[in-house]
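# Overview (structure and organization)
Residues per chain are reported as follows:
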Amino acid sequence: MHCLSLFVSRTVAPNAVLQVSISLNKAELSVGESKFFTCTAIGEPVSLDWYNPQGERIVSSQHLVLHTGGVRSRLTIYNANVEDAGIYRCQAADANGQTQEATVVVEIYQKLTFRHVQSPQEFRQGEVAEVVCEVISSPVPIMSWFYNDMEITDQHYNRFQVLANNNLQIHKVAKTDEGVYRCEARVEARGEIDFRDIVVIVNVPPVLSVPQQSFNATADNKESVTFTCRAYGSPDPEVTWHRRGKQIEESEQYSLKVRGTTLTVRNIRQDDGGSYSCKASNKAGEAEQELFLKVFVQPQITQLRNVTAVEDSAAMISCTAGGEPLPEISWRRASDGKSFADGDKSLDGRVEVRGRHGKSMLTISGVKLSDWGRFDCEALSWIGGHQKSMFLDIEYAPKFQSNHTIYYSWEGNPVNISCEVMANPQASLLWKKDRQTISTEGPGSARVYNSEGRSLLEVTPMSDRDFGRYNCTARNNIGVRYQEFILAQADVPSNPYSVRLSSVSQRVATVTFMKPDSHGGVPIGHYLVRYKDVGSQDWRDVRSHGVQTVVLLTNLEPNTTYEVRVAAVNGKGQGEFSRTENFQTLPIREPSPPVVHGQRGVGKAYRLGLVKQDDGGMPIVEYIVKYKMQEKDDQWMTKLVPGMNDFVLLQHLQWNTRYEVEITARNVKGLSEPTYFQFSMPQRPDITADSLFSGLGLGAVVGLGLAALLLVLVAVDVSCFFLRQCGLLMCITKKLCGKKSATSSKSKDMEEGKAAYLKLPLKEENGKETLKTDGIEIKVHGDSSILSKEEDSKA
């Protein structure tokens, strides 16, 4: 720190009236700051002058500005620098030449300042990189470098070194060293800290990758070759192509794609052969790779035509090819991939190849439809090859595609008879009956609809003569074929058999049966199950779902004998019924034992789910639920639940207690066997008064307490009124109503009071009504007396 530390001194002549003072005795400034000082003189000064630390009188300038008026003079230092430090004097003089002065010490220090810190800073991979971070301050700062939030030390970064000039040196810098580095400076004396983040970029020289270095091409065949030269580096290298010392530019002959990494040579000529150079360059360097193109006159197939042959005749296929040297010709059958070279013969002897002087002949004798398809001709030489394909088409007489020749229908029911044909060339189709041609638009019971390879005959039989034989004739220039179809009269199905009854209960029975032996020529649509009470004349019908042979009978009467029979129905109509079978439904009985599953309720409650069981033929009237604590020899509590309910809610249970439950179902016939169930209640929740009333104020808590006390007093008074005819309510009643007959009045009041008391709804701790008329709990004692829970608790 360039500063001076001196004491302020004043010189006062003995018995002098003149006095001088400066507003500050000492001031600290950082470089670049501005500051002013005011000098005041007491007495009668004729002049006020300022002197710099070098003892020179200060003249006002842009850097040091003076404002003097009367007994005051202000010195302002703008944008202070280190050279401005020192002792400044303000001197006053009077008319007698007497002088007085005052001084101020100005200390100037340099704040942390980063000078010319560039970001990013770029380096070449593998070199020694020096990341520059120039900082000035007074005193000299302490420097630290950070990378990936970790301070760079010899312990953690053996290739990194902080130099004496505070720059960071990286030995053999690599691409992995890229990132943000923090240069941090601290001045301990002032607690001053500042930093700069510097992005370090590592440039990597280009590296070339050439998938294929040598290429062959055929001249004068409008062929193209694409060279690929991939360049890797950082930043991405620029790729250029060169030939014979000149850079290749985009033109009709040359195409450059993918940022220059591919070069396509179009319409290759023989003089396009030779070497091509791929060059890549970036900031870090250059790379070059040479590629070669060899241009030959490859084989060329000059003559190959499609051939059409007739089935069972012979086909001759010719392939001619040129090139230098003259190529060898071979064949490949696409249908099975079989290849044939000169002199080869197939296993069946039908296919043979003969060739000479660039021409090959493939001969097929006894042509079959399987020979139809593509044949590839390939010409090969030591230079390369050429391949072309031809198509062998085979003409043949019509062939019928379906053996379905018998159809069924009945009078008034239309039926479609399909005649499908394959032929090459396409065949014409004609329908006849009794040697008479059926027109496509003529009136009558039959009409024809033609499409490619298919003719549809629609017949709507009106009489017996419309049934019989129909003829479909297919004709093309190769031959004629005939197919005969028979339209027969359909019948109703025969009767089902093996009718059985299974799963018979009080009101439901399942009927099973076997399908008829004959469907009458028309598919069966459904089955009709007919049943009745043996004492009744009225049959009831049930249709099957589709052609299922299982039918469910419902809403039956218990302990009743029924007759049942089954018939099949198709489009023609209903067939005969099966043999009648008898069965008897089960009599009404008591329900099966209930099925129970348990589930915790809310608070001191437990929920028992009731799974619907076999009701014995009559609806469940009610469930009788008994429960008690298992550990104590206590009386059973009983709860009656309507039969339509699917759960039972047991309330007001004890915490941390195991309970036994006995559940019995009842219908009009009687009681089921009981089902037993056990469950345990959990521990009492740890709920304190603080948690219950934490949300209430003091006044609310006091109010709730007074309300609860008032409710207790009212309940006690009501109980005394109805049970013992005493209390405040009793007194009010006597005064208002007067005296009545003692015995009758007392007896009547007691009965009415008890009735009113018993009708009071039971409440939970939260004050909500919870019990309904169908769920009142009662306690059964040994003497068969019944007390309400509240009376029992009082006892």
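Structural notes, computed from the coordinates. Computed from a predicted structure; not experimentally measured.

Before going further, it helps to spend a moment on the overall build of the protein chain. On a plain count of helices and strands, the protein chain comes out with 5 helices and 62 strands. Expressed as a percentage of its 795 residues, the buried residues of the protein chain come to 36%. Partitioning the contacts of the protein chain with sequence separation of at least 6, the portion at a separation of at least 24 is 60%. By element, 50% of the accessible surface of the protein chain is carried by carbon and sulfur atoms, the whole surface being about 46200 Å².

The subject of this paragraph is the packing of aromatic side chains. If you walk through the whole model with that rule in mind, you get 15 aromatic pairs. Measuring from centroid to centroid gives 4.9 Å for Trp372 and Phe391, while their planes differ by 85°, and the two rings are edge-to-face. With Trp372 in the loop between strand E34 (359-364) and strand E35 (373-380) and Phe391 in strand E36 (residues 385-400), this pair connects stretches of sequence that are 19 residues apart. According to the relative accessible area criterion, Trp372 is partly exposed, its value standing at 46%. Considering the side-chain rings of Tyr562 and Phe583, the 5.6 Å spacing of their centres and the 20° angle between planes classify their relative orientation as stacked. Separated by 21 residues along the polypeptide, Tyr562 in strand E50 (residues 561-570) and Phe583 in strand E52 (residues 581-584) bring together distant segments of the chain. For the pair Tyr562 and Phe583, a shared accessibility class is recorded, and that class is buried. Site record: aromatic cluster; members linked through ring pairs are Phe215, Phe227, Trp241 and Tyr276.

Now for the side chain of Thr510. Tracing the backbone through its elements, the reader meets Thr510 in strand E46 (residues 509-514). Among all residues touching Thr510, those that are not within four sequence positions of it are Arg500, Leu501, Ser502, Ser503, Val550, Val551 and Leu552.

This part is about the sheet that holds strand E15 (residues 160-162). Taken together, the 3 strands give an open sheet; going across it, the order is E11-E16-E15, and neighbouring strands pair in antiparallel fashion. The outermost strands of the open sheet, each flanked by one partner alone, are strand E11 (129-131) and E15. Averaged over all neighbouring strand pairs, the angle between strand axes comes to 20°, with direction disregarded. Where E11 and strand E16 (residues 168-170) come together, 3 bridges link them in antiparallel fashion. Bridge pairing in E16 places Glu130 opposite Gln169.

Enumeration over the complete set of coordinates arrives at 5 disulfides. Through a disulfide, Cys133 is tied to Cys183; the S-S separation comes to 2.0 Å. Torsion about the S-S bond of the Cys133 and Cys183 cystine: about -85°, corresponding to left-handed handedness. Remark: Cys183 occurs in strand E17 (residues 179-187) and Cys133 occurs in the loop between E11 and strand E12 (134-136); sequence separation between them is 50 residues. In terms of burial, Cys133 and Cys183 fall into one category: buried.

Time to look at the environment of Asp236. Relative to the helices and strands, Asp236 is located in the loop between strand E21 (230-234) and strand E22 (238-243). Note on Asp236: relative accessible area 57%, which makes it exposed. Taking the C-alpha atoms as reference, Asp236 lies 7.0 Å from Asn282; in sequence the two are 46 residues apart.

Moving on: the sheet that holds strand E40 (residues 436-437). Taken together, 5 strands build an open sheet; the order of strands is E37-E44-E43-E39-E40 and the sheet is mixed. At either margin of the open sheet sits one strand with a lone partner, and together these are strand E37 (406-409) and E40. Bridge count between strand E39 (residues 428-433) and E40: 2 bridges; the pairing is antiparallel. Looking at the pairing, Lys432 lines up with Thr437 of E40.

Time to look at the pattern of salt bridges. Within the structure shown, the criterion is met by 28 salt bridges. With a closest N to O distance of 3.6 Å, Glu184 and Arg186 form a salt bridge. Of the charged contacts, one joins Arg454 and Glu420 as a salt bridge, the two residues approaching to 3.5 Å between their closest N and O atoms. Placement of the pair is Arg454 in strand E42 (residues 454-459) and Glu420 in strand E38 (residues 415-424), with a sequence separation of 34 residues. Among the charged side chains, a salt-bridge network with shared partners connects Glu184, Arg186 and Glu188.

Glancing now at the environment of Cys229. If you trace the backbone, Cys229 turns up in the loop between strand E20 (225-228) and E21. With relative accessibility at 0%, the residue Cys229 sits in the buried group. On a C-alpha basis, the gap between Cys229 and Gln289 in space is 8.2 Å, while along the polypeptide they are 60 residues apart. Excluding its chain neighbours within four sequence positions, the residues that come into contact with Cys229 are Leu208, Ser209, Val210, Val239, Trp241, Thr261 and Cys278.

Our focus in this paragraph is the pairing of E36. The sheet contact formed by strand E29 (residues 307-310) and E36 spans 4 bridges and is parallel. Note on E36: the bridge partner recorded for Val310 is Glu395. By the bridge criterion, 8 bridges tie E35 to E36 in an arrangement that is antiparallel. Along E36, the bridge assignment pairs Leu380 with Gly385. As consecutive antiparallel partners, E35 and E36 are separated by 4 residues.

Side chains of strand E10 (residues 121-124) alternate between two faces, with Gln121 and Phe123 buried and Glu122 and Arg124 left unburied. Judged from the 4 bridges that link them, E10 and strand E18 (residues 192-209) form a sheet pairing that is parallel. What sits directly across from Phe123, in E18, is Val202.

What follows concerns unusual backbone geometry. In this chain, Ser119 is followed by Pro120 through a cis amide linkage whose omega measures 5°. Inspection of the secondary structure assignment puts Pro120 in the loop between strand E9 (113-115) and E10. One non-glycine residue, Asp149, lies in positive phi territory at about 60°. As for its placement among the helices and strands, Asp149 is situated in the loop between strand E13 (142-147) and strand E14 (150-151). Since its relative accessible area comes to 82%, Asp149 is described here as exposed. One non-glycine residue, Ser503, lies in the positive phi region at around 55°. Summarising the element assignment, Ser503 is placed in the loop between strand E45 (497-502) and E46. Note on Ser503: relative accessible area 59%, which makes it exposed.

What counts, and at which threshold
The residue numbers shown here count from 1 along each chain, following its written sequence. Residue-level local features of this predicted model are given only where pLDDT is at least 70; pairs of side-chain atoms are given and counted only at 80 or more, and the full residue set underlies all totals for whole chains, interfaces and linings. Based on all heavy atoms of the structure, the side-chain values leave hydrogens and waters out of the count. Helix numbering and strand numbering both begin at the N terminus, where a helix is a DSSP run of H or I of at least 4 residues and a strand a DSSP run of E of at least 2. Buried, partly exposed and exposed residues are distinguished by accessible area as a fraction of the type maximum, computed with a 1.4 Å probe on protein chains only: under 20%, between the cut-offs, and over 50%, respectively. Residue contacts are defined here by distance: any two heavy atoms, one from each residue, within 4.5 Å place the two residues in contact. Residue-level accessible areas treat just the shown protein chains as cover; the underlying method is Shrake-Rupley with a 1.4 Å probe. Working definition: rings of Phe, Tyr and Trp (its six-membered ring) pair if their centres are within 6.5 Å, and the pair is stacked with planes under 30 degrees apart, edge-to-face with planes over 60 apart, and tilted otherwise. Each pair of strands is called paired provided DSSP finds at least two bridges between the two strands. Orientation is described by axes fitted as lines to C-alpha atoms, over the contacting stretch for helices, and by angles from 0 to 180 degrees between their N-to-C directions. The rule for a disulfide is simple: a pair of cysteine sulfur atoms within 2.5 Å. Each reported salt bridge corresponds to a side-chain nitrogen of Lys or Arg within 4 Å of a carboxyl oxygen of Asp or Glu.

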